Amino acid sequence: KQWYQRRVRGAEAVEVVSYDFSDVAGSSVVVNRTIERFGRLDYMVLNQVAYPLGPFLAVKYMQDPAYVEKIFRVNLFSNIELALHAIPHLESSQGHMFVTSSVFGDVPVNYSWALYCASKHALNGFFYSLQQELLAKQSPVSLTVGNLGLIRTPDMEAVWQDEPIPVSLIAGHMDTAAQGMLNCYSTRSRTWTYPPGPNHFITLLWNYFPWYHEVVIANDGPAGYQDIVERYKDKVDLSKQRRFSEGYNEGS
């Protein structure tokens, strides 16, 4: 809350709308409230995410079709719904849309994030296609797909503190990520990668060097799969304490 207050200080007007994006049909309220308050929409950032933790085959509630659908409602369907409602207003303002995707939407480099990776792959598939359609119809709306890796938020640093590779070596800074997302409104780039070094390196290794797939598994630690299962149980407990991805690391 304090971080948010520091960032909005000095703004002429701020409207805060709290919403659960697992309710896809009603998610357009965010766009509607913006138009009611400000009369226009210039920049839409799609940034909501549910972040399920744990190996898919080891976590029973993740295998429930209702849970899988819940993750996709937040990570994919609500983004599509918001985009559909935003595009007419963005066309009026010649505005821009930023879709927060992930390097894990390009490469599934950790089997403990299966549903997250799957939803981000789907997000990329839809919004890169939408980007092409907007260009084909010569729409005044531009769209950036953000290819983000780990970002050093307080929650992320706490949850990933016990990883074999230190988060400080591969994660980007929160303020730099936010500034980059803002800059995309001016540059109108079709994609933006941050942090660029780790993301491009991981993608290169995964796509061109099959042996890297085995390296990823080997990095789980000497105890192997069962060690990862237990480690992620601890991560889930910690995420609940911090209210990180609250309600999405437990069964219905």
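Residues numbered from 1 in each chain as written. Predicted model: local features only at pLDDT ≥ 70, side-chain atom pairs only at ≥ 80, totals over all residues. Heavy atoms only, no water.

> Give a detailed account of the pairing of strand E1 (residues 43-46), specifying residues and quantitative values.
By the bridge criterion, four bridges tie E1 to strand E2 (residues 96-102) in an arrangement that is parallel. The residue of E2 that forms the bridge with Leu46 is Val99. (Pairing = 2+ DSSP bridges. Helix = DSSP H or I, 4+ residues; strand = E, 2+ residues; numbered from the N terminus.)

> Any chance you could break down the packing of helix H8 (residues 196-208) against helix H9 (residues 211-218) for me, citing the residues and the numbers?
Relative orientation of the contacting elements H8 and H9 amounts to 120°, with a least axis distance of 6 Å. Taken together, the axis directions place H8 and H9 in an arrangement best described as oblique. For the pair H8 and H9, contact is made by Ile202, Leu205 and Trp206 and by Trp211, Tyr212, His213 and Val216, respectively. Looking at the contact of H8 with H9 residue by residue, the classes come out as six nonpolar, one polar and no charged. (Axes fitted to C-alpha atoms, helices over the stretch in contact; angles between N-to-C directions. Parallel < 35°, antiparallel > 145°, perpendicular 65-115°, else oblique. Contact = heavy atoms within 4.5 Å. Nonpolar A, V, L, I, M, F, W, Y, C, P; charged D, E, K, R; others polar.)

> I'd like to hear about the side chain of Asn249, residue by residue, with values.
Positionally, Asn249 belongs in the segment after helix H10 (225-241). In terms of polar contacts, Asn249 uses its side chain to reach the backbone amide nitrogen of Leu53, at 2.7 Å. When near neighbours in sequence (up to four residues on either side) are disregarded, Asn249 contacts Tyr51, Pro52, Leu53, Tyr61, Tyr67, Val236, Ser239, Lys240 and Phe244. (Polar contact = N/O pair within 3.5 Å; in protein donor to acceptor, adjacent residues only side chain to side chain.)

> Lay out the confidence of the model for the chain in plain terms, naming residues and giving numbers.
Averaged over all residues, the pLDDT of the chain is 89; the fraction at 70 or higher stands at 92%. Across residues 1-6 the pLDDT falls below 50, and counting only partners more than four positions away or on other chains, this stretch makes four contacts in the model. (pLDDT = per-residue confidence, 0-100.)

> Before we move on, can you summarise the environment of Glu15 with the specific residues and values?
Note that Glu15 resides in the loop between helix H1 (2-8) and helix H2 (29-38). Each C-alpha atom of the pair Glu15 and Phe38 lies 9.1 Å from the other, and the pair is 23 residues apart in sequence. The contact partners of Glu15, leaving out residues within four places of it in the chain, are Arg33, Arg37 and Phe38. A distance of 2.6 Å separates the side chain of Glu15 from the side chain of Arg33, its partner in a polar contact. A polar atom in the side chain of Glu15 sits 2.6 Å from the side chain of Arg37.

> Tell me what's going on with the side chain of Ser112, and back it up with residues and numbers.
Along the polypeptide, Ser112 turns up in the loop between E2 and helix H4 (114-136). On the basis of relative accessible area, Ser112 is assigned to the buried category, the value being 1%. Sequence-distant contacts of Ser112, defined by excluding residues within four places in its chain, comprise Pro52, Leu53, Gly54, Pro55, Ile228 and Tyr232. (Buried < 20%, exposed > 50% of the residue type's maximum accessible area, 1.4 Å probe, protein only.)

> I'd like to hear about helix H7 (residues 174-187), residue by residue, with values.
Across its 14 residues, H7 extends 20 Å between first and last C-alpha, which sits within 8% of the 20 Å expected from 1.5 Å per residue. The set of residues buried in H7 consists of Ala177, Gly180, Met181 and Cys184. Each buried residue of H7 sits inside an arc of 100° when the element is viewed along its axis, so together they form one side. Turned more than 90 degrees off the buried face of H7, the exposed positions are Leu182 and Ser186. (Expected span 1.5 Å × (residues − 1). Arc of directions from axis to C-beta.)

> Which residues make up unusual backbone geometry, and what are the values?
Negative phi values dominate among residues other than glycine, just as trans dominates among peptide bonds. The omega torsion of the bond from Tyr194 to Pro195 falls at -10°, within 30 degrees of zero and hence cis. Following the sequence through the fold, Pro195 ends up in the loop between strand E4 (191-194) and H8. Of note, the phi angle at Gln94 is positive, near 55°, even though the residue is not glycine. On the secondary structure map, Gln94 appears in the loop between helix H3 (65-93) and E2. Gln94 gets classed as exposed once you look at its relative accessible area, which sits at 53%. Not every positive phi belongs to a glycine, and Arg188 is a case in point at roughly 55°. Secondary-structure assignment places Arg188 in the loop between H7 and E4.

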